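Spelled out from the first residue to the last, the chains are:
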Amino acid sequence: MMGQQVLVLNQNIKRESGRKVQTGNISAAKTIADVIRTCLGPRAMMKMLLDPMGGIVMTNDGNAILREIQVQHPAAKSMIEISRTQDEEVGDGTTSVIILAGEMLSVAEQFLLQQMHPTVIIGAYRQALEDMLNTLKDISTPVDPNDRVMMLKIINSAINTKALARWSDMACNIALDAVRTVEMEADGRKEIDIKKYAKVEKIPGGIIEDSCVLKGVMVNKDVTHPRMRRMIKDPRIILLDCSLEYKKGESQTDIEITKEEDFSRLLQMEEEYIQQICEDIIRLKPDLIFTEKGISDLAQHYLMKANITAIRRVRKTDNNRIARACGARIASRTDELREDDVGSGAGLFEIKKIGDEYFTFVTECKDPKACTILLRGASKEILAEVERNLQDAMQVCRNVLLEPSLLPGGGAAEMAVSKRLMERSRALTGVEQYPYRAVAQALEVIPRTLIQNCGASTIRVLTSLRAKHTQENCVSWGVNGETGTLAEMTSLGIWEPLAVKAQTYKTAVETAILLLRIDDIVSGHKKKGDEQTGGGQGAE
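Just so it is clear, the model here is predicted, and its values are computed rather than measured. (Residues numbered from 1 in each chain as written. Predicted model: local features only at pLDDT ≥ 70, side-chain atom pairs only at ≥ 80, totals over all residues. Heavy atoms only, no water.)

**Student:** Mind showing me how you'd approach the sheet that holds strand β10 (residues 231–233) here?
**Tutor:** In any sheet, the strands associate via hydrogen bonds between backbone groups, in a parallel or an antiparallel arrangement. As summarised here, the arrangement of the 4 strands in space is β9-β16-β15-β10, forming an open sheet in which the pairing is antiparallel. Here the strands that pair on one side only, and so sit at the sheet edges, are β9 (217–219) and β10. Taking the axes of each pair of neighbouring strands and ignoring which way they run, one obtains an average angle of 25° across the sheet. Where β10 meets strand β15 (residues 348–354), 3 bridges bridge the pair, whose relative direction is antiparallel. Residue Met231 lies in a different strand from β15, and its bridge partner there is Glu350. (Pairing = 2+ DSSP bridges. Helix = DSSP H or I, 4+ residues; strand = E, 2+ residues; numbered from the N terminus. Axes fitted to C-alpha atoms, helices over the stretch in contact; angles between N-to-C directions.)

**Student:** Would you explain unusual backbone geometry in this entry?
**Tutor:** With the exception of glycine, the majority of residues adopt a negative phi angle, and the majority of peptide bonds are in the trans configuration. Look at Lys285: it is not a glycine, yet its phi comes out positive at around 50°. For Lys285, a relative accessible area of 64% puts it in the exposed group. Residue Arg313 is not a glycine yet carries a positive backbone phi of 50°. With respect to the element layout, Arg313 can be found in the loop between β13 (309–311) and α11 (316–326). The exposure class of Arg313 is partly exposed, given its relative accessible area of 47%. (Buried < 20%, exposed > 50% of the residue type's maximum accessible area, 1.4 Å probe, protein only.)

**Student:** What's the story with the pattern of salt bridges in this structure? I'm lost.
**Tutor:** Any two side chains of opposite charge can pair, so long as their charged atoms come close to each other. What the rule picks out here adds up to 28 salt bridges. Here Asp131 ties to Arg424 by a salt bridge, and the two come within 3.3 Å at their closest N and O atoms. Within this pair, whereas Asp131 is found in helix α5 (residues 118–139), its partner Arg424 is found in helix α13 (residues 412–427), the two being separated by 293 residues in sequence. You can call Arg424 partly exposed: its relative accessible area is 34%. Between Asp280 and Arg283 there is a salt bridge, with the nearest N and O atoms lying 3.3 Å from each other. A relative accessible area of 8% places Asp280 in the buried class. (Salt bridge = Lys/Arg side-chain N within 4 Å of Asp/Glu carboxyl O.)

**Student:** Could you clarify how one ought to interpret the side chain of Glu387 in this entry?
**Tutor:** Of note, Glu387 is situated in helix α12 (residues 380–402). Residue contacts for Glu387: discarding those within four places in its chain leaves Val200, Lys202 and Leu375. (Contact = heavy atoms within 4.5 Å.)

**Student:** Any chance you could explain the sheet that holds strand β17 (residues 371–377) here in plain terms?
**Tutor:** Strands sit in the order β7-β17-β8 across an open sheet of 3 strands; the sheet is mixed. Two strands in the sheet have a free side with no partner beyond their single neighbour: β7 (198–204) and β8 (212–214). Neighbour-to-neighbour, the strand axes of the sheet open up by a mean angle of 25°, direction not taken into account. One ladder, built from 7 bridges, connects β7 with β17; its direction is parallel. Directly across from Pro204, in β17, lies its bridge partner Gly377.

**Student:** Got a minute to help me understand the confidence of the model for the protein chain in this structure?
**Tutor:** Should the pLDDT be low somewhere, the predicted coordinates at that spot are not to be read in detail. For the protein chain, the average pLDDT comes to 82, and 95% of its residues sit at 70 or higher. Here strand β6 (residues 189–192) is the element of the protein chain with the lowest mean pLDDT, 74, and α5 is the one with the highest, 89. Predicted confidence for residues 530–540 stays below pLDDT 50, and this span has 14 contacts to residues more than four positions away or in other chains. (pLDDT = per-residue confidence, 0-100.)

This is how it looks when you write it as structure tokens:
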């Protein structure tokens, strides 16, 4: 009985524990970081990915790359999650967060090999994170969000590392105008909703220089009736989300007709109903109607006689944007229409043919609170990449408007924080000082990667940068990403928002802490072969 093996876990469950798991997690995180490493800085390379459907994605946006990669290892999955978090929170810094987290874990490896307990390392990391965030606050400089030149510089340093760098002036202006348009101040707090109100419309064809921000909204629709007007100056706009058709019964309805005139009466009622709706609308003398549902032929006829242009089946989101742009209110029933539901803020309505589709433009709005960004480009892939870059730029702009303080870019902030941590670590006693110092070294991975991507000599430049930071008033010295030499960031005008940097550090260190905590991985997958229910509880 004694020698018999006792099976607690199921047969086909794999269990790894202890050291093996920790080294496995660390190497998984490093692998993910290596995939992304060449995508940092202005000399960044692009990655080309084939998604399972056979489409192509070309990008150097950290989040977009990791979204497409299929990963097996659980630790690698959590690395991919953090770049998504970064993208949703602040929109920029997706590449650097992965590189930092990978580096934080790889410096922890040596301590694990020296049999130091993970909780000791974690304690030191926590302490370091607090000091990092305080240091960032110390070296940040406030900025006036109304200073257009400065704002353009900030957005420029976000775009510089992307494919849009060639058209950076145009792209910066587009991003700034779009964010400025959708900025709302209500009850003393700013609300900048880029996703809902700054729509990016991509139209293949033309050249990238044709892209612009419309002072209004564009919808991919044509008028319903060919004889309606296609261009109206100062239109009065009504927005509906009800259909201009005869309402059929919701449930199955049967009508028994005994006399022939009853049938014609039924048809007459339908016509009268539609006529009634149209009269409700015509009463307000609009020039233009957008509705989210359909418009019947009869309603088109009445509206056309009243010289009203109608556009049907507009998306709900588009309708909301038109409402914000021209000041109309969306009405859900025609008999409730009032004069103040009519929007008269737009200066021009016209329909243009671009490529082989018709587009409706509602432009020249007086004080639009929503806008459309029109992107032109040679192919779908280029447009998709341009859109991703613009999203980053707009997010950066939004961050600065919400929290107007800046840090020097180009690895300068990292070096300054690293130096400050090194000084602090001398005051610590006990074992904790070593992991604490390791965090300081890990931060240097950002300037180091920038130097590597330029092809300059890493060791030489890094040591001279470290020496530079020991002098007084040299906080803003970093690496010039184009040439790989030392440069003063304030003169180059490379700035980053504090919100982005702080979020990057928080996410990277916390992920490192999370992955160091793990000491056991139990994975129960049913093998393809044994279809019989031998899997029991452990199998997925």
